[in-house]
Amino acid sequence: MMHEVILHNLKDKFYKRQKSMIRHALKYKHRIDTRLGYNYEVDLNKDYSALYEYFLEKCKESFKKITFTKVKPRCWACLLDKDNRVNIWHHHITSSTINSVFYLKLAKTENGIAFNEKDSDKIIPDEFDLLLMKNSLMHKPLLPDNKNDLRITVNMEVFCKESADEIFNKENIRFIN
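Computed from a predicted model, the values in this text were never measured in an experiment. (Residues numbered from 1 in each chain as written. Predicted model: local features only at pLDDT ≥ 70, side-chain atom pairs only at ≥ 80, totals over all residues. Heavy atoms only, no water.)

Peer 1: It is not clear to me how the sheet that holds strand β7 (residues 118-123) should be interpreted in this structure. Could you clarify?
Peer 2: Pairing in this open sheet of 3 strands is antiparallel, and the strands run β7-β6-β9 from one edge to the other. Because the sheet does not close on itself, it has two edges, and the strands there are β7 and β9 (139-141). Taken pair by pair, the neighbouring strands of this sheet meet at an average axis angle of 40 degrees, ignoring direction. Summarising the sheet, strand β6 (residues 113-115) and β9 pair through 3 bridges and their orientation is antiparallel. (Pairing = 2+ DSSP bridges. Helix = DSSP H or I, 4+ residues; strand = E, 2+ residues; numbered from the N terminus. Axes fitted to C-alpha atoms, helices over the stretch in contact; angles between N-to-C directions.)

And the structure:
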C-alpha cells in the first residue's frame, strides 16, 4: 500500500475556509444517493474550485511524470452522521486514474479509511489531509464509533495519459510520506 497512497496536509490552505465549506457541503445533502454510499456532488464554489486546483497541484508535486487528459473539476462529498452510516468496499477504476479523499471534517471518534479489504490495513487521517490513491485501490471509510459524530470527506478524481501503475510506480514518485 505504501506507494498506492500519498498523503498531503492542506490545513494551511483550508483551515479558514472549513466552516464555510462544511455549510456548503451540507447544503447539498438532499442529493445523497444511497446507491453511491452516501456520496453526493457538491456544486463548485470558490473554495471547492480551489480545493480541486490544489488536488491537481499536489498530483504534479507528487509524481515525476503525469499528464492530465480529462480534467473535469467535480467534488463529491461523503457524509457520515446519525442518518447516514454506510461504508462499502469500492475502487475508482472506471471513473479516474487518480482518486483522492480530502478530510474536511473528522468525527470525534474517527476510525479512518481501510484498504485492501482489510479493516486493519488503515490510515487514521488528520483534518485537512488529502490522500492521493491509485484508482484500483480497494478502500472504504470506517464508521466513527459514535453514530452521532459528523464526518465529511470530499472525493476528487482525474484521468491521466499514463496508467495508474505507471504513475504510482516507486520510480515515478517524488514525494513519499
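The discussion continues.
Peer 1: How do you make sense of the side chain of Asn99 when you look at a structure like this?
Peer 2: Residue placement: Asn99 occurs in strand β5 (residues 98-105). In terms of polar contacts, Asn99 uses its side chain to reach the side chain of His92, at 3.3 Å. What Asn99 contacts, discounting residues up to four positions off in sequence, is His92, Leu131, Leu132, Met133, His139, Asn155, Met156 and Glu157. (Polar contact = N/O pair within 3.5 Å; in protein donor to acceptor, adjacent residues only side chain to side chain. Contact = heavy atoms within 4.5 Å.)

Peer 1: Hey, could you run me through the environment of Leu104 in this one?
Peer 2: Mapped onto the fold, Leu104 is located in strand β5. With relative accessibility at 0%, the residue Leu104 sits in the buried group. Measuring from C-alpha to C-alpha, the distance between Leu104 and Lys19 comes to 9.3 Å, with 85 residues separating the pair along the chain. Residue contacts for Leu104: discarding those within four places in its chain leaves Gln18, Met21, Ile22, Tyr48, Glu127, Ile152, Thr153 and Val154. (Buried < 20%, exposed > 50% of the residue type's maximum accessible area, 1.4 Å probe, protein only.)

Peer 1: Explain the pattern of salt bridges to me, please; I cannot follow it from the model alone.
Peer 2: Any two side chains of opposite charge can pair, given that their charged atoms come close. In the structure shown here, the tally under the stated rule is 8 salt bridges. Residue Arg17 is joined to Asp47 by a salt bridge in which the shortest nitrogen-to-oxygen separation is 3.5 Å. Highlighted residues: Arg17 in the loop between α1 (11-14) and α2 (18-27) and Asp47 in helix α3 (residues 46-62), separated in sequence by 30 residues. Under the relative-accessibility criterion, Arg17 is labelled partly exposed at 25%. Its relative accessible area of 9% is what places Asp47 among the buried residues. Where salt bridges share partners, they join Glu4, Lys134 and Asp165 into one cluster. (Salt bridge = Lys/Arg side-chain N within 4 Å of Asp/Glu carboxyl O.)

Peer 1: It is not clear to me how the side chain of Thr153 should be interpreted in this structure. Could you clarify?
Peer 2: Structurally, the position occupied by Thr153 is in strand β10 (residues 151-160). Those residues within four positions of Thr153 in sequence are excluded, and the remaining contacts are Trp76, Ala77, Cys78, Val101, Phe102, Tyr103 and Leu104.

Peer 1: Looking at this structure, I do not really get the nonpolar core. What am I missing?
Peer 2: Most often, soluble globular proteins keep nonpolar side chains buried together rather than apart. The biggest cluster of nonpolar side chains holds 36 residues, and the ones touching the most others in it are Ile98 and Phe102. Secondary-structure elements contributing two or more residues to this core are α2, β2 (39-42), α3, β4 (75-80), β5, β8 (129-134) and β10. Take this core: its biggest share by element is 8 residues, from α3. Leave out the neighbours within four places in its chain, and Phe102 touches Leu10, Phe14, Leu51, Phe128, Asp129, Leu130, Ile152, Thr153, Val154 and Met156. Counting 10 residues, the second-largest nonpolar core is a separate cluster that includes Val5, Val101, Phe115 and Leu137. (Core = buried A, V, L, I, M, F, W, Y, C linked by side-chain atoms within 4.5 Å.)

Peer 1: Sorry, what's going on with unusual backbone geometry here?
Peer 2: Excluding glycine, residues mostly have negative phi values, and the peptide bonds linking residues are mostly trans. Phi is positive for Phe128, which is not a glycine, with a value near 75 degrees. By the secondary structure assignment, Phe128 is in the loop between β7 and β8.

Peer 1: Explanation requested: α2 in the structure shown.
Peer 2: For an α-helix, 3.6 residues make a turn, and residues three or four places apart therefore share a direction. Taken residue by residue, α2 has Gln18, Met21, Ile22, His24 and Ala25 as its buried positions. Seen end-on, α2 carries its buried residues on one side only, within an arc spanning 165 degrees. In α2, those exposed residues whose orientation departs by more than 90 degrees from the buried face are Lys19, Arg23 and Lys27. On its buried face, α2 sits against α1, β2, α3, β5 and β10. (Arc of directions from axis to C-beta.)

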